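Here is how the chains run, residue by residue.
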Amino acid sequence: MRITLSVIKADIGGYVGHSESHPDILALAEEHMAKAKANGLLIDFHVTKCGDDLQLIMTHQHGEGNKEIHKLAWDTFINGTELAKKLKLYGAGQDLLSDAFSGNVKGMGPGVAEMEIEERKSEPIVIFMADKTSSGAWNMPLYKMFADPFNTIGLVIAPGLHTGFGFEVHDVKEHRKITLNTPEEAYDLLVFIGAPSRYATKAVYSREAKEIAAVSSTQRLSLIAGRYVGKDDPVCIVRCQGMFPAVGEVLDPFSLPHLVEGWMRGSHHGPFMPVAVEDSTPSRFDGPPRVIALGFQLADGKLVGPRDMFADKSFDNARQQANDIADYMRRHGPFEPHRLPLDEMEYTTMPQIAKRLAGRFQHLAD
Ligand code: F6R
Ligand code: MG
Ligand code: MG
């Protein structure tokens, strides 16, 4: 059975500040989704949040980029924004960059990750959702899941995985893409994805089965809008087991709270903290950046679940380490490398200050 899994998300208002989503907004989204399920547009759905981002997880049979599905998400965000305005939530409608829907939410602000698949006999999937960071945050975990045998022993000893995986990498600044195959092009791949502010992994494919294994959202709101409107707070769908990494191999990369860009004012490096959904409430210096993971079994498109995968105690050390790293990084205050390099800063007064002080700079004698 061919099933499309669409995850479409947007920050349409924060509660309080940028730290959380309001329960009334989630309830309203739930109503919209339930109606769409009742009238047959959706097979199933799950509404959740990660920090201040509203997450719509939908299954259907209309393929990727479908106008009706995207319109459903868009209308949900628009109606949610009206409610957010009534509640005077913070930054109501912040990710909706356009007033008029034109057939597809891509480029309009919301983040989108979609995959159309032939549902296997058993189809375990994990959906990762992040707050206070950008899409390059998935590069290291995806590399570990699909290309690093120190993380995924299946690459060494499971026949379906041994052939390796293809990584589709997007250059988010120049709007170009390249596919590189691991293991033989792993070093070439790392040249690019090791620079996550510019190169983001859009999708991963099984070379053996020629099947999609993972897909992420790569919208960069700041580049779409041409001015700061928030980090993209990306999502990523990963298929697990059989010809793909096992659930445990997919989750293990997050035991390292690696440094990602985002956090306060989208302008800092901070540890990526794996948390349960209820703990996706970035409050300390608007962070540190969070990631949640919901696991589902697909059953003819029905979303059986979710299981809150990072609620597991085995991620306690990662959270502790993330807090320790957060302490250490925060002590750098406004200094790099806690603060992002100047050209990556989303909120910067640098141009105004440089202009004001231009006349006071004097050339150094050689
Ligand atoms: C980061 C983020 C927050 C805001 C900060 C200032 O992605 O959303 O850290 O940048 O709270 O927000 P404003 O400028 O809306 O007061
Ligand atoms: Mg916000
Ligand atoms: Mg957010």
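To be clear, the structure that these remarks concern was listed above.
Note that this is a predicted model, so its numbers are computed, not measured.

(A) Molecular detail of the pattern of salt bridges. All told, the structure shown has 16 salt bridges when counted by the stated rule. Close ionic contact of Asp53 with Lys9 constitutes a salt bridge, the shortest N to O distance being 3.2 Å. Highlighted residues: Asp53 in strand S3 (residues 53–60) and Lys9 in strand S1 (residues 2–10), separated in sequence by 44 residues. Since its relative accessible area comes to 1%, Lys9 is described here as buried. Across the pair Arg120 and Glu123 runs a salt bridge, and its minimum N-O distance is 2.9 Å. A single burial state applies to Arg120 and to Glu123, both of which are buried.

(B) Highlighting the sheet that holds S3. One open sheet holds the four strands; their spatial order is S2-S3-S1-S4, and the pairing between them is antiparallel. Among the strands making up the open sheet, the edge pair consists of strand S2 (44–50) and strand S4 (111–118). Here the strands of the sheet are splayed against their neighbours by 15 degrees on average, with no regard to which way each runs. As paired elements, S2 and S3 share seven bridges and run antiparallel to each other. The residue bridging Phe45 from the neighbouring strand is Met58, located in S3.

(C) View of the coordination of the magnesium ion (ligand 2). Donor atoms from the polypeptide that coordinate the magnesium ion (ligand 2) comprise Asp11 (OD), His18 (ND1) and Asp52 (OD), at 2.0 to 2.3 Å from the metal. Sequence spacing among the residues donating to the magnesium ion (ligand 2) works out to D-x6-H-x33-D. Residue classification places His18 among the partly exposed positions, given a relative accessible area of 25%.

(D) Highlighting the packing of aromatic side chains. Following the criterion strictly, the structure yields 13 aromatic pairs and no others. Taking 6.4 Å as the distance between ring centres and 40 degrees as the angle between the ring planes, the aromatic pair formed by Tyr143 and Phe167 counts as tilted. Here the residue Tyr143 occupies a position in helix H3 (residues 139–147), and Phe167 occupies one in strand S6 (residues 165–171), the gap between them amounting to 24 residues. Accessibility classification places Tyr143 together with Phe167 in one group, the buried group. The structure contains a cluster of three or more aromatic residues connected by ring pairs, namely Phe128, Trp138, Phe254, Phe272, Phe310 and Phe315. One cation-aromatic arrangement involves Arg330 over Phe285; the distance from NZ or CZ to the ring centre is 3.5 Å.

(E) Seen up close, the coordination of the magnesium ion (ligand 3). Here the magnesium ion (ligand 3) is held by Asp52 (OD), Asp53 (OD), Asp131 (OD) and Asp233 (OD), and the distances to it run 2.0 to 2.3 Å. When the donors of the magnesium ion (ligand 3) are listed by position in the chain, the intervening gaps give D-D-x77-D-x101-D. In this structure, the magnesium ion (ligand 3) lies 4.7 Å away from the magnesium ion (ligand 2), the two metals sharing Asp52 as a donor. Pair noted here: Asp131 is in strand S5 (residues 123–131) and Asp233 is in the loop between helix H7 (221–225) and strand S10 (235–239), with a separation of 102 residues, a long-range link. The residues Asp131 and Asp233 share a single accessibility class, namely buried.

(F) Layout of helix H2 (residues 67–86). Given a rise of 1.5 Å per residue, 20 residues ought to cover 28 Å, and the 28 Å separating the end C-alpha atoms of H2 matches this to within 8%. The set of residues buried in H2 consists of Ile69, His70, Leu72, Ala73, Trp74, Thr76, Phe77, Gly80, Thr81, Leu83 and Ala84. Looking at the buried residues of H2, the elements they touch are S1, helix H1 (23–38), S3 and S4. The distance from a side-chain oxygen at the start of H2 to the backbone nitrogen of Glu68 is 2.9 Å, and the residue carrying that oxygen is Asn66.

(G) Representation of empty space enclosed by the protein within the structure. Applying the stated criterion to the full structure yields one cavity of 30 Å³ or more. Looking at the largest cavity, its volume works out to about 40 Å³. Counted by class, the lining of the largest cavity contains four nonpolar, three polar and three charged residues.

(H) Structural view of the nonpolar core. By size, the foremost hydrophobic cluster in this structure holds 38 residues, and its most contacted members are Phe128 and Phe146. Here this core takes five residues from H3, the largest share from any one element.

(I) The arrangement of H1 in detail. Spanning 16 residues, H1 covers 22 Å between terminal C-alpha atoms, matching the ideal 22 Å at 1.5 Å per step. Ile25, Ala29, His32, Met33 and Ala36 are the residues of H1 that are buried. Looking straight down H1, one finds that the buried residues subtend no more than 95 degrees of arc, so they occupy a single side. Turned more than 90 degrees off the buried face of H1, the exposed positions are Glu31, Lys35 and Ala38. Each element contacted by the buried residues of H1 is listed here: S2, S3 and H2. Positive phi shows up at Gly40, right after H1, with a value of about 90 degrees.

(J) Examining the pairing of S2 more closely. Across the seven residues of S2, six count as buried, placing the element largely inside the fold. Two successive antiparallel strands, S2 and S3, enclose a turn made up of two residues, where Gly51 displays a positive phi of approximately 60 degrees.

(K) Highlighting the environment of Asp286. Within the element layout of this structure, Asp286 appears in the loop between strand S13 (273–274) and strand S14 (290–299). In sequence terms Asp286 and Gly262 are 24 residues apart; their C-alpha atoms lie 9.5 Å from each other. Look past the residues within four positions of Asp286 in its chain and what remains in contact with it is Lys132, Trp263 and Met264.

What counts and how
- Residues numbered from 1 in each chain as written.
- Chains lettered and ligands numbered in written order.
- Predicted model: local features only at pLDDT ≥ 70, side-chain atom pairs only at ≥ 80, totals over all residues.
- Heavy atoms only, no water.
- Salt bridge = Lys/Arg side-chain N within 4 Å of Asp/Glu carboxyl O.
- Helix = DSSP H or I, 4+ residues; strand = E, 2+ residues; numbered from the N terminus.
- Buried < 20%, exposed > 50% of the residue type's maximum accessible area, 1.4 Å probe, protein only.
- Pairing = 2+ DSSP bridges.
- Axes fitted to C-alpha atoms, helices over the stretch in contact; angles between N-to-C directions.
- Donors = N, O, S within 2.8 Å, 3.2 Å for Na, K, Ca; no water.
- Phe/Tyr/Trp six-rings, centres within 6.5 Å; stacked < 30°, edge-to-face > 60°.
- Lys NZ or Arg CZ within 6 Å of the ring centre and 35° of its normal.
- Expected span 1.5 Å × (residues − 1).
- Contact = heavy atoms within 4.5 Å.
- Polar contact = N/O pair within 3.5 Å; in protein donor to acceptor, adjacent residues only side chain to side chain.
- 1 Å grid on protein atoms, 1.4 Å probe; cavity = no way out; pocket = protein on both sides within 12 Å on 5 of 7 lines; lining within 4 Å.
- Points joined across faces, edges and corners; volume = space filled by probe spheres on them.
- Nonpolar A, V, L, I, M, F, W, Y, C, P; charged D, E, K, R; others polar.
- Core = buried A, V, L, I, M, F, W, Y, C linked by side-chain atoms within 4.5 Å.
- Arc of directions from axis to C-beta.

Fair warning: the whole summary comes from geometry, so function is off the table for now.
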